[in-house]
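Residue-level structure breakdown
As a plain string of letters, each chain reads:
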Amino acid sequence: MKFFALLLLDMKDQMKLLRTVFIFFCLFLSISWAKDSIPELETKLHSVSGKEKLEVLNALSEAYWGEAPEKTVRYGQEALSLAEELNDETEKARALNSIGVGHKFISDYETALKYCLKALNIRENSGDKKGIAESLHEVGIIYDYLSNYDNALQYYNKSLKIREEIGDKKGIAASLNNIGIIYHLTENYEKALEYYLKSLDIRKELRDEKGIASCLNNAGVIYSIKKDYDKALKYCSKALEMVEKMGNKYETANILNNIGSFYMAIQRYDESLSYLERSLKIAKELDAKEILRENYEFHSDLCAAKNDYKKALEYYKLSVKEKDSILNEKSSKQVADMQIKYESEKKEKEIQLLKKDNEIKRLAIERKTVRRNYIIVVLLFCVIGCVVLIFFIYSRYRLKKKANEELEAANKLIQLEKEKSDHLLLNILPKRIADILKENGKAEPESYENVTVFFSDIVSFTKMSNDLEPKILIRELNELFTKFDEIIEKNHCERIKTIGDAYLCVCGMPEANPYHAENILNSAIEIIRYLKKRQQCSNIQWEMRIGIHSGRVVGGVVGVKKYIYDVFGDTINTASRMETNSEPMKINISETTYQIVKNKYNFIERGSFAVKGKGEMKMYFIDDEEFKEQDDDSPESEEWQQATGTYRLQLLTAKQQRK
């Protein structure tokens, strides 16, 4: 759990990390004393009764916040039962609040909200202002997790007002920090910075070093987003000094990662490498997988920035390895089940082939036996030789025919299984790469100069995935991505991968294509048309953001046992930035792509936007007029059909020559 540091990630990743890192910081400070007391409390629990036992149960429940949510809920339920038995409303509210927190940690937000609101109601009836403020704060956190930022901000402000009335400075600092989080999540960076600095001032007054370090780092991240890297480095360096002094190795590694990313953004690569190496050493010592994953990503980006693509690929592979190891249990089980099913089917087919092989051998042995018997019979029964000879010749003919038929059937089955295997390989690798891999056993990474990259994600996917049943969600995604695959294949593009709700495809690799930009834009336009048409007849409304950029891309096969064809390089990152800066049901393209296709489509110039690691970049929207269906007999359509027809003929001729 990251209580002090926020890595400099893409905006989408920042939002996810903020939701985890910042909200729990105040919780960490409030319960750190209790974690040290857990053994003492559990020992004491067996020697007390009545009111004192109730207080110990609640203290144990709170001590396990974030440590073991199931124990938080268990001790909270025991405390709740005893509080009702003793008719103690104060401790009852405390138990309800703790149970709500436990359910929050296991992502059961509906149950968490129910218990926290019950605790709030009891505290409001009793006039316990400090307890009311605490419950309001917890409800705000739950709404934040549900991405209901308006409600979260409302409850945080109510909590802040009460804490200011009663002079609870520690609580005020926590409320100010969480309000800053909401403004950060909603990209109101000026307000976020204002509240972080207010929280910092109070924590300095309280000499709360952990809180000070957190606020310094939070402010440093905001300054980095605002491109004020001098202040970003100043604040994060101070935070680093404090956490190192406190001996918190985990947060030291996190902040070292932050500072390394800042130096990389301002192209001071030697300093960046120094901080990243220090972070990597500590992360390996702690086996902190999340920090390792992010560190390897930063190393990969740094090597790519320095044009060392071989090392960039090595670090990227390490990042993928760490990411795989921290998948959630549900996803891991699904992957394992799929793998088991695949291996079982594969084993069953191998057994069937083995049976066929044994049958062929058996028939061969039987044929030899018949031949031997034939000779013996001829020698022993020469008197009736003619009759016996005719009979056995006919039997031999039938057996040979049967054996040949079964052998032919077995060979056909083997060929069919080989074709299925090749088809499966083509489902995960481009054909040219698959051919190279089958021929050489490996495929070296290649660089392609003229490639256009399509990157998209689904708007509000997290919320919709929480609202929909899993089987409905999977069915919807399968329908969408199947249609997308059909569209991009029609336009001579190559789907690289999907990552959750994100979809990545390219044109111009691994086969060069002079119409790479047009093909990607045509695919993007057709996808938007499809989604708009689908919305007219579906109760589930999906919207997408699309980003497109053209340039140089490196592609290669990642993995040994499970092959994955992946792409990387600055062009991929820039396409991702185009998607991040796009809007729902819009196609956002870079200046580079615009210069290629500016005379073939209608565009809306958006101006320049600040892009992480790139500076200011001009961006353009495809005009919504392009999303309307065009007549097939339009001059533009005929010209495009002639051009792509000529290109298809060139591809066909090239393939025939290779054969």
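Above this note sits the structure.
Worth saying up front: this structure is predicted, and the values here are computed from it rather than measured. (Residues numbered from 1 in each chain as written. Predicted model: local features only at pLDDT ≥ 70, side-chain atom pairs only at ≥ 80, totals over all residues. Heavy atoms only, no water.)

**A look at helix H6 (residues 89-105)**
Taking 1.5 Å per residue, 17 residues should reach 24 Å; H6 reaches 25 Å between its end C-alpha atoms and fits that length. Of all 17 residues in H6, 14 are buried; the element is thus mostly enclosed. (Helix = DSSP H or I, 4+ residues; strand = E, 2+ residues; numbered from the N terminus. Expected span 1.5 Å × (residues − 1). Buried < 20%, exposed > 50% of the residue type's maximum accessible area, 1.4 Å probe, protein only.)

**Considerations on unusual backbone geometry**
Residues Met 509 and Pro 510 are joined by a peptide bond in cis, for which omega reads -5°. In this structure, Pro 510 sits in the loop between strand S3 (502-507) and helix H23 (516-535). Here the phi dihedral of Asn 87 falls at roughly 60°; this positive angle occurs in a residue that is not glycine. Following the sequence through the fold, Asn 87 ends up in the loop between helix H5 (69-86) and H6. Judged by relative accessible area, Asn 87 falls into the exposed class, the value being 61%. For Ser 147, which is not glycine, the phi dihedral falls at a positive 60°. If you trace the backbone, Ser 147 turns up in the loop between helix H8 (129-145) and helix H9 (149-166).

**Side note on the packing of aromatic side chains**
Each aromatic ring pair is characterised by the separation of its centres together with the angle its planes make. One pass over the structure, following the stated rule, counts 18 aromatic pairs. Between Tyr 64 and Tyr 75, the aromatic rings sit 6.1 Å apart at their centres with planes inclined by 5°, giving stacked as the arrangement. Residue Tyr 64 is found in the loop between helix H4 (50-63) and H5, and its partner Tyr 75 is found in helix H5; the two are separated by 11 residues along the sequence. Look at Tyr 75 and you get buried, because its relative accessible area is 6%. Of note, Lys 104 hangs over the ring of Phe 105, and the distance from its end group to the ring centre comes to 5.3 Å. Sitting over the face of the ring of Phe 621, Lys 586 holds its NZ or CZ atom 5.5 Å from the ring centroid. (Phe/Tyr/Trp six-rings, centres within 6.5 Å; stacked < 30°, edge-to-face > 60°. Lys NZ or Arg CZ within 6 Å of the ring centre and 35° of its normal.)

**Considering the packing of H8 against H9**
Two numbers describe a pair of packed helices, the interaxial angle and the distance between the axes. In contact at an axis separation of 8 Å, H8 and H9 are set at 160° when each is read in the N-to-C sense. Judged by the angle between their axes, H8 and H9 are roughly antiparallel. In the crossing of H8 with H9, the sense of the turn from one axis to the other is left-handed. When H8 is examined against H9, the residues Lys 129, Lys 130, Ile 132, Ala 133, Glu 134, Leu 136, His 137, Val 139, Gly 140, Ile 141, Tyr 143 and Asp 144 are found in contact with a partner set consisting of Tyr 149, Asn 151, Ala 152, Tyr 155, Tyr 156, Lys 158, Ser 159, Ile 162, Arg 163, Glu 165 and Ile 166. (Axes fitted to C-alpha atoms, helices over the stretch in contact; angles between N-to-C directions. Parallel < 35°, antiparallel > 145°, perpendicular 65-115°, else oblique. Left-handed = near helix turned anticlockwise from the far one by under 90°. Contact = heavy atoms within 4.5 Å.)

**Considerations on the packing of H4 against H6**
The N-to-C vectors of H4 and H6 enclose an angle of 20°; their axes lie 10 Å apart at closest approach. As summarised for this structure, H4 and H6 are arranged roughly parallel, according to the angle between their axes. For the pair H4 and H6, the crossing hand works out as left-handed. Residues Lys 51, Leu 54, Glu 55, Asn 58, Ala 59, Ser 61 and Glu 62 of H4 touch H6, and the partners they reach there are Glu 91, Arg 94, Ala 95 and Ser 98. Along the lines of polarity and charge, the residues of the contact of H4 with H6 split into 3 nonpolar, 3 polar and 5 charged. (Nonpolar A, V, L, I, M, F, W, Y, C, P; charged D, E, K, R; others polar.)

**Topic: the side chain of Ser 279**
Within the secondary structure, Ser 279 sits in helix H15 (residues 269-286). Excluding residues that lie within four positions of it along the chain, Ser 279 makes contacts with Ala 253, Leu 256, Asn 257, Ile 291 and Asn 295.

**Focus on the pattern of salt bridges**
Under the defined criterion, the tally for this structure stands at 34 salt bridges. For Glu 165, the salt bridge is made with Lys 129, and the minimal N-O distance between the two is 3.7 Å. One end of the pair, Glu 165, is in helix H9; the other, Lys 129, is in helix H8, with 36 residues separating them in the sequence. By sharing partners, the salt bridges in this structure join Glu 290, Arg 293, Glu 294 and Glu 297 into a single network. (Salt bridge = Lys/Arg side-chain N within 4 Å of Asp/Glu carboxyl O.)

**As for the pairing of strand S7 (residues 603-611)**
Alignment of S7 against strand S8 (residues 615-622), held across 8 bridges, turns out to be antiparallel. Along S8, the bridge assignment pairs Glu 605 with Tyr 620. Connecting S7 to the antiparallel partner S8 that follows it, the hairpin turn spans 3 residues, and Gly 613 within it adopts a positive phi of roughly 75°. (Pairing = 2+ DSSP bridges.)

**Structural notes on the pairing of strand S4 (residues 544-558)**
The buried count for S4 comes to 13 of 15 residues, which makes it a mostly enclosed element. With 11 bridges joining them, strand S1 (residues 446-458) and S4 adopt antiparallel strand pairing. Residue pairing across strands places Thr 452 opposite Ser 550, the latter belonging to S4. Here S4 pairs with strand S6 (residues 586-590) via 4 bridges, running parallel. Residue pairing for S6: Gly 547 is matched across the bridge by Asn 588. Bridge count between S4 and strand S5 (residues 564-568): 5 bridges; the pairing is antiparallel. Bridge pairing in S5 links Val 557 to Tyr 565.

Limitation: the analysis is restricted to geometry and does not speak to function.
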